[in-house]
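Given next are the chains, with one letter for each unit.
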Amino acid sequence: MTEPSSKTSRPLMVIGWHECISLPDLGLRDFAVKVDTGARTTALHAANIETFRKDGQDWVRFDPPRIGDHQPATYEGPVFAIRDITNTSGVPEPRIVIQTPLVIAGRKWKIDVSLADRGSMRFPLILGRRALRGHNIAVHPGRSYLVSTKPNY
């Protein structure tokens, strides 16, 4: 699944405010997310977050969320950034950000993902507008699962 060299050459894809996506490098496949154009940054539920140094670089280790009966393996990868991100209460907090490929409806590109405790939230991932920008995607605010199938877990 590779993308054409020109992002603007892709046809417009209209997605719902709930869709299924994959983050294959994290072992997360076809799981339901909330698409939130009010959120700038994508946020993923992560447990047991710890940073460490590897080859002179900052890395992070964390447990991705359980999806249905599937618990992905602990992830280790480089820290892309640490950013102040406004939480659901409107308070900025420093968060670790990684970069990872996103797959939705057969399209694949790399996105920034902040790590947060979303354990009390219905969806383990909020897909923010920065992840969609430049990919010729529109969000239908009143429809769900326009390009994917609603999961049954």
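Above this text is the structure in question.
## Examining the pattern of salt bridges
All chains considered together, the criterion is met by five salt bridges. Residue Glu76 pairs with Arg61 through a salt bridge whose shortest N-O separation is 2.7 Å. On the criterion of sequence distance, the pair formed by Glu76 in strand 7 (residues 75-78) and Arg61 in strand 6 (residues 57-63) is long-range, its members being 15 residues apart. Taking the relative accessible area as the measure of exposure, Glu76 reaches 37% and is therefore partly exposed. Residues Glu93 and Arg95 are paired through a salt bridge, measuring 2.9 Å at the closest nitrogen-oxygen approach. The class for Glu93 is partly exposed, based on a relative accessible area of 28%. One continuous salt-bridge network, built from bridges that share partners, spans Glu50, Arg61 and Glu76.

Conventions adopted
- Residues numbered from 1 in each chain as written.
- Predicted model: local features only at pLDDT ≥ 70, side-chain atom pairs only at ≥ 80, totals over all residues.
- Heavy atoms only, no water.
- Salt bridge = Lys/Arg side-chain N within 4 Å of Asp/Glu carboxyl O.
- Helix = DSSP H or I, 4+ residues; strand = E, 2+ residues; numbered from the N terminus.
- Buried < 20%, exposed > 50% of the residue type's maximum accessible area, 1.4 Å probe, protein only.

These figures come from the coordinates and say nothing about function on their own.
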